[in-house]
Amino acid sequence: MAANYSDKDISTNLLISLKHMKAEFNTFTQEASNDALYKEISALYQSVCKLQRNVFNMMCEQGWYQMKSDTAANISKAYTKAENSKSELA
């Protein structure tokens with residue numbers, strides 16, 4: 001039985017895959033064993049970043065990826081948590 005995937009389903013899977021690739025390439029660039037390898041992987045990382053952003057923008061334009069507002073209380077709580085973490089690192 002063949003699965004019928006919508007454009008939204010395909011785009012969502014692509015965005016998720018690109019996000020994972022971006023994370024892996026980021027790690028790879030930081031752990032590259034020499035400058036030549038670093039430059040090659042860094043160029044691939046930048047390409048994946050651009051692709052991921054293009055897919056994200058396209059999904060937003062289609063109304064498939066919508067940002068939701070949060071409450072002022074949740075934003076304040078997140079800010080306080082970040083400030084506490086920052087203080088602990090100092």
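Source: prediction; values computed, not measured.

Q: Could you give me a rundown of the overall build of the chain, with the residues and numbers involved?
A: From N to C terminus, the chain includes 3 helices and 0 strands. Once the C-alpha set of the chain is aligned to its principal axes, its extents read approximately 55 × 45 × 25 Å. Each of the 90 residues in the chain was classed as buried or not, and the buried ones make up 14%. When contacts within the chain are restricted to residue pairs at least 6 apart in sequence, those whose partners lie at least 24 apart make up 59%. Summing over all exposed atoms, the chain offers an accessible surface of approximately 7500 Å²; the carbon and sulfur share of this is 53%.

Q: Run through the packing of aromatic side chains, naming residues and quoting values.
A: Counted according to the given criterion, the structure contains 1 aromatic pair. When the ring of Phe 56 is compared with that of Tyr 65, the centres are 4.9 Å apart and the planes differ by 75°; the resulting orientation is edge-to-face. Residue Phe 56 is classed as buried on the basis of its relative accessible area of 13%.

Q: Lay out the side chain of Gln 52 in plain terms, naming residues and giving numbers.
A: By the element assignment, Gln 52 lies in helix α2 (residues 35-62). The residues contacting Gln 52, other than those within four sequence positions of it, are Leu 15, Leu 18, Lys 19 and Lys 22.

Q: If you had to explain helix α3 (residues 72-89) to someone new, which residues and values would you point to?
A: With 18 residues, α3 ought to run about 26 Å at 1.5 Å a step, and its terminal C-alpha atoms sit 26 Å apart, in line with that. Counting buried residues along α3, only 0 of its 18 residues qualify, which leaves the element largely exposed.

Q: Any details on the nonpolar core? Residues and values, ideally.
A: Among the nonpolar cores identified, the biggest contains 10 residues, and these are Leu 15, Leu 18, Phe 25, Ile 41, Tyr 45, Val 48, Cys 49, Val 55, Phe 56 and Met 59. Top contributing element to this core by residue count: α2, with 7 residues. Beyond its immediate sequence surroundings of up to four residues, Met 59 is in contact with Ser 11, Thr 12, Leu 15, Trp 64 and Tyr 65.

Q: Give a description of the state of the cysteines that names residues and reports values.
A: Counted under the stated rule, the structure contains 0 disulfides. Not part of a disulfide, Cys 49 finds its nearest cysteine sulfur in Cys 60, a span of 17 Å.

Rules and cut-offs
Residues numbered from 1 in each chain as written. Predicted model: local features only at pLDDT ≥ 70, side-chain atom pairs only at ≥ 80, totals over all residues. Heavy atoms only, no water. Helix = DSSP H or I, 4+ residues; strand = E, 2+ residues; numbered from the N terminus. Buried < 20%, exposed > 50% of the residue type's maximum accessible area, 1.4 Å probe, protein only. Contact = heavy atoms within 4.5 Å. Areas by Shrake-Rupley, 256 points an atom, 1.4 Å probe, with all protein chains shown as cover. Phe/Tyr/Trp six-rings, centres within 6.5 Å; stacked < 30°, edge-to-face > 60°. Expected span 1.5 Å × (residues − 1). Core = buried A, V, L, I, M, F, W, Y, C linked by side-chain atoms within 4.5 Å. Disulfide = S-S within 2.5 Å.

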